Amino acid sequence: MTLKKLARAGLIAAALSALTSVFFVSAPMFDHSAAYAQAPAAAPAAPAPAEADAPPPACAPNADAAKAVLTNCTPNSGDTAWMLTSVALVLMMTIPGLGLFYGGMVRKKNVGDTVMTSFAVTCLVTIIWVVCTYSMAFTAGSPWVGGLSRAFLQGIVSDIAKGIGNPNPLAATIPETVYICFQMTFAIITPALIAGAFAERMKFSSMLWFMGLWAIVVYAPVAHWVWGPDGFMNSGNSDGLIKVLDFAGGTVVHINAGVAGLMCCLMLGKRRDSGPGHNMVLTFIGASLLWVGWFGFNAGSAVTAGMQAGMAMLVTQIATAVAAFTWMLVEWMMRKKPTVIGICSGAVAGLVAITPASGFVGPVGAICIGIAAGVVCYWGVTGLKHMFGYDDSLDAFGVHAVGGIVGALLTGVFAVEQYGGTAGLLEGNAVQLVNQAEGIVIVIVYDAIVSLIILKIIDIMIGLRVSEEIEREGLDLALHGETVQ
């Protein structure tokens, strides 16, 4: 047995041992007696008839979510219905949307590996989310990472028969189960986006190790910083150090994924040969599914079926259309022909850029963000990539990191207090632009360093890149025993 095989076997054994240990160590925390048994108490006096028939309370969000404990709340049926819909829309973005979008842009011999990556990441991240990352991201703990009060999703039991539950204070009007599923879809698509940077040359086993570790040590902490109840960059945390506006994930999702993708490019090196995508129609279908699903991504991030969700949906449509049209015009001028891949990439760039701003800006801001995304992201996938010479296969960095940076910065410029509660530069709040820039830098530095460490460890243990023979033959047949006919 070779050294790498021994190392791989040892790594797998260690991982299984660690997971088993976590389960048994966590077992004492699974005390359901409090959830199911009522403590003995003196029988209360019979309530008046009006009180006896009164419905349970509908809990409102607490100003300090880090300290709030909400119990026996009745979910709002309208909010719950919209959030259930949003869960389905955002999951559709990864499978099938992202799978088809990326799958159409690779060569035919690698399309199976590309679409399977999106599917496998969906399964892997779901498991990790249940075990620990939901709790790490969305429960109170410290400014840097959440606690383990929801590890293995313990404590989410509701009284379905009575229609009451104990929601997460971050989403007080919907059942916690729905909030868990909604945020899970964000945790799924973020690492799946990274795959566009290293498509056609990374081992499938190495990809799984990287995605799993990255979800735990990068995504969960960064999500907690920006969205967690006591995160140090959460704009709603009164004790936060930096008030970063990120309505639906410009920093947490897109900059995070794009920077990790760039680190993968640098570690793996360039592809030995490359060529045009095998099927632009698949990319068109994937981009269309992403566009539709993004309404759940952005408007769903309001976590209510209200006015802010409506504005988020409107500005998402505007910015996406403007960015796609702008990209098409720029490409037409620069390369003399508008392409399907180009206009689809422009649409995704617009979706990325409006994501952090969608709950804070109005239609004029959306138009400006769309124009900026179309121009800057086009440069990101052409001029910037060629300037530095890295091989970002499907432009994960050029579209997602660059687009996320554009959107995050312009959120600090165009934010309207009347829409989202915080003014931007144009309304006299220059500090918000500084906050946005600081948040961007912090996430980039942390993500880059930790991603490189994870990649280096995996490379030492089992290797990152497929052999030259496999890369030439195609990953589908060599790694999965399947081909697209």
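That block above? That's the structure.
**What about the overall build of the chain?**
Across its full length, the chain holds 17 helices and zero strands. Buried positions account for 52% of the 485 residues belonging to the chain. Contacts in the chain between residues at least 24 apart in sequence constitute 77% of all its contacts with a sequence separation of at least 6. Here the chain has roughly 20,600 Å² of accessible surface; of this, 69% comes from carbon and sulfur atoms.

**Regarding the state of the cysteines**
As used here, a disulfide is simply a covalent bond connecting the sulfur atoms of two cysteines. Within the structure shown, the criterion is met by one disulfide. One disulfide in the model links Cys59 with Cys73; its S-S distance is 1.8 Å. Its S-S torsion of approximately -85 degrees makes the covalent link between Cys59 and Cys73 left-handed. Here the residue Cys59 occupies a position in the loop between helix H3 (49–52) and helix H4 (77–103), and Cys73 occupies one in the loop between H3 and H4, the gap between them amounting to 14 residues. Take Cys59: its relative accessible area is 15%, and that puts it in the buried class. A relative accessible area of 2% places Cys73 in the buried class.

**With respect to the packing of helix H8 (residues 250–268) against helix H15 (residues 430–461)**
Relative to each other, H8 and H15 sit at 40 degrees, their axes nearing to 9 Å. Relative to H15, the element H8 lies oblique. When the axes of H8 and H15 are compared, the crossing they make is right-handed. For the pair formed by H8 and H15, the contact residues are Thr251, Ile255, Asn256, Ala257, Val259, Ala260, Met263, Cys264 and Met267 on the first element and Gly439, Ile440, Val443, Ile444, Asp447, Ala448, Ser451, Leu452, Leu455, Lys456 and Asp459 on the second. Grouping the amino acids of the contact of H8 with H15 by side-chain chemistry returns 13 nonpolar, four polar and three charged.

**Observations concerning the packing of helix H11 (residues 340–354) against helix H12 (residues 363–388)**
One way to put it is that H11 packs onto H12 with a least axis distance of 8 Å and a crossing angle of 125 degrees. Comparing their axes, H12 and H11 come out oblique. The hand of the H11/H12 crossing is right-handed. Of the residues in H12, those in contact with Ala349, Gly350, Ala353 and Ile354 of H11 are Ala366, Ile369, Ala373 and Cys377. A class-by-class count of the residues in the contact of H11 with H12 yields seven nonpolar, one polar and no charged.

**Notes on helix H10 (residues 307–335)**
Three or four residues apart is the spacing at which side chains of an α-helix point the same way, because the helix has 3.6 residues per turn. A rise of 1.5 Å per residue sets the reference length of H10, with its 29 residues, at 42 Å; its end C-alpha atoms lie 42 Å apart and thus fit the reference within 8%. Once H10 finishes, Lys336 follows within two positions and takes phi at roughly 75 degrees, a positive value.

**Some words on a nonpolar patch on the surface**
A contiguous nonpolar patch, built from Met280, Val281, Phe284, Ile285, Val340 and Ile341 and spanning about 480 Å² of accessible area, is present on the exposed surface. Of all the secondary-structure elements, those providing two or more residues to the nonpolar patch are helix H9 (280–299) and H11. The biggest single contributor to the nonpolar patch is H9, with four residues. In this fold, Val281 is placed in helix H9. Residue class for Val281 comes out partly exposed when judged on its relative accessible area of 46%.

What counts and what doesn't
- Residues numbered from 1 in each chain as written.
- Predicted model: local features only at pLDDT ≥ 70, side-chain atom pairs only at ≥ 80, totals over all residues.
- Heavy atoms only, no water.
- Helix = DSSP H or I, 4+ residues; strand = E, 2+ residues; numbered from the N terminus.
- Buried < 20%, exposed > 50% of the residue type's maximum accessible area, 1.4 Å probe, protein only.
- Contact = heavy atoms within 4.5 Å.
- Areas by Shrake-Rupley, 256 points an atom, 1.4 Å probe, with all protein chains shown as cover.
- Disulfide = S-S within 2.5 Å.
- Axes fitted to C-alpha atoms, helices over the stretch in contact; angles between N-to-C directions.
- Parallel < 35°, antiparallel > 145°, perpendicular 65-115°, else oblique.
- Left-handed = near helix turned anticlockwise from the far one by under 90°.
- Nonpolar A, V, L, I, M, F, W, Y, C, P; charged D, E, K, R; others polar.
- Expected span 1.5 Å × (residues − 1).
- Patch = residues over 30% accessible without salt bridge, like charges linked within 9 Å, V, L, I, M, F, W, Y side chains within 5 Å.
- Salt bridge = Lys/Arg side-chain N within 4 Å of Asp/Glu carboxyl O.

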